[in-house]
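Residue-level listing of the chains:
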Amino acid sequence: MPMVPRLLIADDWSDYALLDSGNRRKLERAGPYRIIRPEPQALWPPGLSENDWRADAVFEAGEGEERGTWQHGPALPDSWVLHYGDLAFVARCTPFRHLGFFPEHAVHWRRIAAALSARRAETDQPPAVLNLFGYSGLASLIAARAGARVTHVDASKKAIGYAVENQRQAGLEDRPIRWLVDDAVRFAEREVRRGRHYEGIILDPPKYGRGPKGEVWRFHEDLPRLLAACRQLLGTDPLFVILTAYAVQLSFLALHHALSHHLDGLDGAVESGEMVLPEESIGRLLPTAIFAAWHKKAEPDEA
Ligand SMILES: C[S@@+](CC[C@H](N)C(=O)[O-])C[C@H]1O[C@@H](n2cnc3c(N)ncnc32)[C@H](O)[C@@H]1O
């Protein structure tokens, strides 16, 4: 069967916009603030004039480095509240250039929420979702709000702190979410030994990372082992497995084949491609990440 790559366009934000891109930078709006960050993929001239590239905060990266410094005036607070739909969360300028959220991930949230709500309507048992490398927790909150019991794992105490703050900001403190500081691979393999099962798994691994006890994560080397564990963690009637990757030397096809191999035999389909942000200026689509996602086959009346 020929495989058609999908472009998933994150076009349902009102509090966030990619205003323009070019000259290896991007100009964004996050709530009332305009932000300029490096963007290695923007190998084209900006659509807007230099005058329009005014910003409240500019991230200057060290040569070839993730870390860098923010230049901003006193008007920019340490953190501020944004909304995705009616989900409130906290944005901030972090030392690793991120804003505390990845707007392009929204392309997966609606589908996850719909699948979980539909399952919740069929049964009293809340579906279980595992969010590995979960960062500031927006996917976990979307899943919990849709009725899931969520296990969120991240190696960084700071990231878990952001996630707990987001839970409070979203008013979802009463939802069943376990926030765990742990190594993703070790945790997943321990869950396999405990015989635990999940109906949905989300994985957003970095290219390179470290667990809280110094465990090393290398995308290419460790992904097959993690996917093997995830396969064993899926219950008898799973809903989704979503895998995203940034800044790795891989095609979406590599994710596609890896996920398809590990999930072979399940009643569903893998789709894969790129997650992109639409530019407001002249409408180009900025590539952000590659993904492969397995979803349970839709029932005939949902298709
Ligand atoms: C920011 S996110 C997702 C990747 C991101 N979208 C990017 O640009 O690469 C990566 C998260 O994985 C976490 N992380 C890194 N290594 C980990 C590990 N071994 N186990 C669990 N979490 C880890 C980090 O703390 C971080 O919150």
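Below: a short report on this structure. (Residues numbered from 1 in each chain as written. Predicted model: local features only at pLDDT ≥ 70, side-chain atom pairs only at ≥ 80, totals over all residues. Heavy atoms only, no water.)

A few words now on the nonpolar core. Of all hydrophobic cores here, the largest spans 56 residues; its most connected members are Trp13, Trp80, Phe101 and Leu116. Inspection of this core shows a minimum of three residues originating in each of domain 1 (6-92) and domain 2 (103-296). When near neighbours in sequence (up to four residues on either side) are disregarded, phenylalanine 101 contacts Trp13, Tyr16, Leu82, Phe89, Ala91, Tyr135, Ser136 and Leu138. Leu227, Leu233, Leu255 and Leu259 belong to the second largest nonpolar core, which has 34 residues in total. (Core = buried A, V, L, I, M, F, W, Y, C linked by side-chain atoms within 4.5 Å. Buried < 20%, exposed > 50% of the residue type's maximum accessible area, 1.4 Å probe, protein only. Domains from an automatic or database assignment. Contact = heavy atoms within 4.5 Å.)

Right, let's talk about helix H5 (residues 219-233) for a bit. The terminal C-alpha atoms of H5 lie 20 Å apart, and with 15 residues this matches the ideal 21 Å at 1.5 Å per residue to within 8%. When we look at burial in H5, the residues that qualify are Phe219, Asp222, Leu223, Leu226, Leu227, Ala229, Cys230 and Leu233. Buried positions in H5, seen along its axis, are confined to an arc of 165 degrees and lie on one side of it. Of the exposed residues in H5, those oriented more than 90 degrees away from the buried face are Glu221 and Gln232. Looking at the buried residues of H5, the elements they touch are strand E9 (128-132), helix H4 (184-193), strand E12 (200-203), strand E14 (216-218), strand E15 (240-245) and helix H6 (252-262). (Helix = DSSP H or I, 4+ residues; strand = E, 2+ residues; numbered from the N terminus. Expected span 1.5 Å × (residues − 1). Arc of directions from axis to C-beta.)

A surface patch of nonpolar side chains, amounting to about 230 Å² of accessible area, comprises Leu7, Ile9 and Leu285. For leucine 285, the position within the fold is in strand E17 (residues 285-296). A relative accessible area of 35% means that leucine 285 is categorised as partly exposed. (Patch = residues over 30% accessible without salt bridge, like charges linked within 9 Å, V, L, I, M, F, W, Y side chains within 5 Å. Areas by Shrake-Rupley, 256 points an atom, 1.4 Å probe, with all protein chains shown as cover. Salt bridge = Lys/Arg side-chain N within 4 Å of Asp/Glu carboxyl O.)

By secondary structure assignment, the location of glutamate 215 is in the loop between strand E13 (208-210) and E14. Residue classification places glutamate 215 among the buried positions, given a relative accessible area of 11%. On a C-alpha basis, the gap between glutamate 215 and aspartate 182 in space is 9.7 Å, while along the polypeptide they are 33 residues apart. In this structure the side chain of glutamate 215 is engaged in a polar contact, spanning 2.8 Å, whose partner is the backbone nitrogen of lysine 213. (Polar contact = N/O pair within 3.5 Å; in protein donor to acceptor, adjacent residues only side chain to side chain.)

A rise of 1.5 Å per residue sets the reference length of helix H3 (residues 157-169), with its 13 residues, at 18 Å; its end C-alpha atoms lie 18 Å apart and thus fit the reference within 8%. Listed in full, the buried residues belonging to H3 are Ala159, Ile160, Tyr162, Ala163, Asn166 and Gln167. Seen from one end, H3 has its buried residues packed into an arc of 155 degrees, which puts them on one side. In this structure, H3 carries Lys157, Lys158 and Arg168 as exposed residues pointing more than 90 degrees from its buried face. Here H3 starts with a cap whose side-chain oxygen sits 3.2 Å from the backbone nitrogen of lysine 158, and that cap is serine 156. A positive backbone phi angle near 70 degrees is found at glycine 171, which sits one or two residues after H3.

In the neighbourhood of the ligand, 17 residues make up the surrounding shell, with Asp154, Ala155, Asp183, Ala184 and Asp204 lying closest. Backbone polar atom of alanine 184 to a nitrogen atom of the ligand: 2.9 Å apart, as the coordinates give it. Its residues assigned to classes, the shell around the ligand comprises nine nonpolar, three polar and five charged. (Near = heavy atom within 4 Å. Nonpolar A, V, L, I, M, F, W, Y, C, P; charged D, E, K, R; others polar.)

With that out of the way, let us pick up the packing of H4 against H5. Each packed pair of helices is defined by two parameters, the angle between the axes and the distance between the axes. Running from amino to carboxyl end, H4 crosses H5 at an angle of 35 degrees, the nearest separation of the two axes being 9 Å. Handedness of the H4/H5 crossing: left-handed. Of the residues in H5, those touching H4 at Ala184, Val185, Ala188, Glu189, Glu191 and Val192 are Arg225, Leu226, Ala229, Gln232 and Leu233. Split by residue class, the contact of H4 with H5 holds seven nonpolar, one polar and three charged. (Axes fitted to C-alpha atoms, helices over the stretch in contact; angles between N-to-C directions. Left-handed = near helix turned anticlockwise from the far one by under 90°.)

Enumeration over the complete set of coordinates arrives at 14 aromatic pairs. Residues tryptophan 13 and phenylalanine 101 carry aromatic rings whose centres are separated by 5.5 Å and whose planes lie at 50 degrees to one another, so their mutual orientation is tilted. Within this pair, whereas tryptophan 13 is found in the loop between strand E1 (6-9) and strand E2 (16-22), its partner phenylalanine 101 is found in the loop between strand E8 (87-92) and helix H1 (106-122), the two being separated by 88 residues in sequence. The same class applies to tryptophan 13 and to phenylalanine 101, which are both buried. Ring geometry for tryptophan 13 versus tryptophan 109: centroids 6.2 Å apart, planes at 65 degrees, classification edge-to-face. In this pair, tryptophan 13 sits in the loop between E1 and E2 while tryptophan 109 sits in helix H1, placing the two residues 96 residues apart along the sequence. Across this residue pair, the class does not change: tryptophan 13 and tryptophan 109 are buried. (Phe/Tyr/Trp six-rings, centres within 6.5 Å; stacked < 30°, edge-to-face > 60°.)

Our next topic: the pattern of salt bridges. Tallied over the entire structure, the rule returns 20 salt bridges. For arginine 175, the salt bridge is made with aspartate 174, and the minimal N-O distance between the two is 3.8 Å. On the accessibility criterion, aspartate 174 (62% relative accessible area) is exposed. In this structure, aspartate 182 engages arginine 190 in a salt bridge whose closest nitrogen and oxygen atoms are separated by 3.0 Å. The class for arginine 190 is partly exposed, based on a relative accessible area of 28%. When salt bridges that share partners are traced, they join Arg119, Glu122, Asp237 and Lys296 into one network.

Function-wise, these values are silent; they only describe arrangement.
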